Amino acid sequence: MPNNNCINAQETQYILALDAGTTSSRCLIFDHNGQIRAVAQQEFPQHSPRSGWVEQDPRDIWQSQLAVCRRALSRLEAEVKVPTGAFAALGITNQRETTIIWDRHTGEPIYNAIVWQCRRSADHCRELQQSGYAEMIRAKTGLVIDPYFSASKITWMLDNVPGARERAERGDLLFGTVDTWLIWQLTGGRVHATDVSNASRTMLFNIHDLCWDDELLKIFRVPRPLLPNVLPSSALYGHTDPEIFGHSIPITGVAGDQQGALFGQVCFRPGQAKNTYGTGCFLLMNTGTTPIVSRHGLLTTVAWQIGGETVYALEGSVFTAGAVIQWLRDELEILSTAAESEVIAKSVPDTNGCYLVPAFTGLGAPYWDPYARGAIVGLSRRVDRRHIIRAALESMAYQTCDVLTAMQEDAGLELSALKVDGGAAANNFLLQIQADLINVPVIRPDSVESTARGAAFLAGLAVNFWPDADALTAMTVNHTAFIPTWDKSRRTKQLRGWHRAVARSRDWLI
Ligand code: ADP
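In this text the structure is predicted, and so the values were computed from the model without any measurement.

Draft legend 1. Focus on the state of the cysteines. Taken as a whole and judged by the stated rule, the model has 0 disulfides. Not engaged in a disulfide, the cysteine cysteine 125 finds its nearest cysteine sulfur in cysteine 118; these two sulfurs lie 11 Å apart.

Structural data, given as structure tokens:
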């Protein structure tokens, strides 16, 4: 009889991964084989005090994260005996750009977290553009001036919370993105740090020199004492306060959510890319150790830094992807569930010449046309609801294809496969047409937890839980591959039709 009390250290060690998302906190526990052994998730409240403003209470972010960690731990303990010290490390991945400022002495936030979606600093950003800063900021940060990034949110808080600027200048306040806030809480207020991937989304960080940039701090009027230390993505940040989990765990992996997903999808080589199909799409391509400046309006960002080596990525997003399926379901009411779209799309051989361009809020890369609006073109009496549903799914694949083409041109790299995740990646029809259009295989891992997996991998590498990237690549992850079936003339014909449809949606608002 095997002795159940005889525990093999290799088998009983785990990594705790915290996935601090925009609407919910999650905690996942991974074992040596990269298998998920326990999960817990909890939503937290969102606040919108005015149109276009989005806030969260930083205490809700922390309390929900703590609650899911404890719940995941007790779920694991219900399954197996978990000896003290079974957790080799803790990794964090988080919603990016969201801005929190708190008092370094009391730990009290001075204001709610200003969430990445919040547009309150749009006027400030427009002024900076008009003052001619766009080129310089892009050269240093890889970003386009936009309220999306943290810098103008910090300025807003310092200018609008009474006394904040004086306190910041005295060194009494600390700024952090959500990773930094969680590290501060987890270490009992002992560590104020972020990683390079999160820092690269603040618009205050020079992605070439890998440091906070004095010229940018001056432009955004951000006092330096506010800023966290910037560490590699896989490194020792500190230890959790023993009060929290009953013993302390080293925090050794941190990455923004999209970079976390790129790492979790083991896109370790230049030219490897992942696409997350959610409300919108987020595409990231590993471009190696040299940052590439885009000629198509894509962002250049730090993917991760490990052992002194910094890897960069090109990033592009599609504003409306899965949301078009929600629109068919909730506004047009021609679908009862998102999943039904797959069956209906497959029930017709094509769209009967119809294209749907979901430019509900304009078009992003590579068009950058805020004046574009949605269009359904090529209609005839032969088009019915099934063709429109099919055209909507195809629009997600076409838009992704456009961003990928721009990325490959910018990077001069050929894609060998596209790794995918996100809610809409459950749709087999969508992924097959995606493979057909881009003419490379589309790979969907059975476990879609790429983001948390990335945080676990980064944390595990730092403590030799996994020896190196090869060990991560070799780890078996079951997946489904979608293999291209179209020839060149079909691809060209379909894409030509799509681009004609896009042309008709453009420059619509007057
Ligand atoms: P987010 O993280 O942006 O909220 P998710 O990754 O949870 O998004 O994915 C949800 C989106 O995916 C929704 O917009 C939904 O319409 C779409 N979606 C979910 N399942 C399917 C499906 N089977 N086919 C097509 N779209 C889907």
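Draft legend 2. Focus on the pattern of salt bridges. According to the stated counting rule, one finds 25 salt bridges in the structure shown. Counted as one network, the salt bridges with shared partners bring together Arg96, Glu97, Arg201, Asp257 and Glu315.

Draft legend 3. Representation of the layout of surface pockets in the model. A volume near 370 Å³ is recorded for the second largest pocket. In terms of lining residues, the second largest pocket is bounded by 20 residues, among which Gln265, Val266, Lys419, Ile443 and Val477 are the most central. Within the residue set of the lining of the second largest pocket, elements represented by two or more residues are strand 22 (442–445), helix 16 (450–462) and helix 17 (469–474). Examining the composition of the lining of the second largest pocket, we find that 3 residues originate from one element, helix 16, more than from any other. Residues belonging to the lining of the second largest pocket are distributed by class as follows: 10 nonpolar, 8 polar and 2 charged.

Draft legend 4. Here's a closer look at the nonpolar core. By size, the foremost hydrophobic cluster in this structure holds 63 residues, and its most contacted members are Tyr277 and Leu418. The dominant element in this core, judged by the number of residues it contributes, is helix 14 (residues 385–411), at 14 residues. The contact partners of leucine 418, leaving out residues within four places of it in the chain, are Ala273, Lys274, Asn275, Tyr277, Thr400, Leu404, Gln434, Ile438, Val440, Pro441, Val442 and Ile443. If you look at the next biggest cluster of nonpolar residues, it comprises 43 residues, including Trp53, Ile101, Phe149 and Val196.

Draft legend 5. Structural detail: the packing of helix 11 (residues 257–264) against helix 16. One way to put it is that helix 11 packs onto helix 16 with a least axis distance of 6 Å and a crossing angle of 75°. Comparing the axis directions of helix 11 and helix 16 gives the class roughly perpendicular. Each of Asp257, Gly260, Ala261, Phe263 and Gly264 in helix 11 lies in contact with helix 16, whose residues at this interface are Ser450, Thr451, Arg453, Gly454, Phe457, Leu458 and Leu461. The residue inventory of the contact of helix 11 with helix 16, partitioned by class, reads 5 nonpolar, 5 polar and 2 charged.

Draft legend 6. How the structure looks around the packing of aromatic side chains. Evaluation of the coordinates by the stated rule reveals 17 aromatic pairs. What links up through ring pairs into an aromatic cluster is the set Trp53, Tyr111 and Trp156. Positioned over the ring face of tryptophan 53 is arginine 120, at 3.9 Å from the centre of the ring. Its end group placed over the ring of tryptophan 156, arginine 120 keeps NZ or CZ at 4.5 Å from the ring centre.

Draft legend 7. A look at the site of the ligand. Inspection of the region around the ligand gives 14 residues, with Thr279, Gly322, Gln326, Gly423 and Asn427 positioned closest. Measuring from an oxygen atom of the ligand, one finds a backbone N or O atom of glycine 322 at 3.0 Å. Taking alanine 323, its main chain carries an N or O atom lying 3.5 Å from an oxygen atom of the ligand. Relative to its free-state accessible area of 580 Å², the ligand is covered by the protein chains to the extent of 67%. Here the shell around the ligand takes 4 residues from helix 12 (residues 322–330), the largest share from any one element. For the shell around the ligand, the per-class residue count stands at 6 nonpolar, 8 polar and no charged.

Draft legend 8. Representation of helix 3 (residues 122–130) within the structure. When we look at burial in helix 3, the residues that qualify are His124, Cys125 and Leu128. Within helix 3, the buried residues cover an arc of 100° as seen down the axis, which keeps them to one side. Looking at the buried side of helix 3, the elements it contacts are helix 5 (150–160) and helix 9 (214–219). A positive backbone phi angle near 85° is found at glycine 132, which sits one or two residues after helix 3.

Procedures and definitions
Residues numbered from 1 in each chain as written. Predicted model: local features only at pLDDT ≥ 70, side-chain atom pairs only at ≥ 80, totals over all residues. Heavy atoms only, no water. Disulfide = S-S within 2.5 Å. Salt bridge = Lys/Arg side-chain N within 4 Å of Asp/Glu carboxyl O. 1 Å grid on protein atoms, 1.4 Å probe; cavity = no way out; pocket = protein on both sides within 12 Å on 5 of 7 lines; lining within 4 Å. Points joined across faces, edges and corners; volume = space filled by probe spheres on them. Helix = DSSP H or I, 4+ residues; strand = E, 2+ residues; numbered from the N terminus. Nonpolar A, V, L, I, M, F, W, Y, C, P; charged D, E, K, R; others polar. Core = buried A, V, L, I, M, F, W, Y, C linked by side-chain atoms within 4.5 Å. Buried < 20%, exposed > 50% of the residue type's maximum accessible area, 1.4 Å probe, protein only. Contact = heavy atoms within 4.5 Å. Axes fitted to C-alpha atoms, helices over the stretch in contact; angles between N-to-C directions. Parallel < 35°, antiparallel > 145°, perpendicular 65-115°, else oblique. Phe/Tyr/Trp six-rings, centres within 6.5 Å; stacked < 30°, edge-to-face > 60°. Lys NZ or Arg CZ within 6 Å of the ring centre and 35° of its normal. Near = heavy atom within 4 Å. Polar contact = N/O pair within 3.5 Å; in protein donor to acceptor, adjacent residues only side chain to side chain. Areas by Shrake-Rupley, 256 points an atom, 1.4 Å probe, with all protein chains shown as cover. Arc of directions from axis to C-beta.

Coordinates in, geometry out; function isn't part of it.
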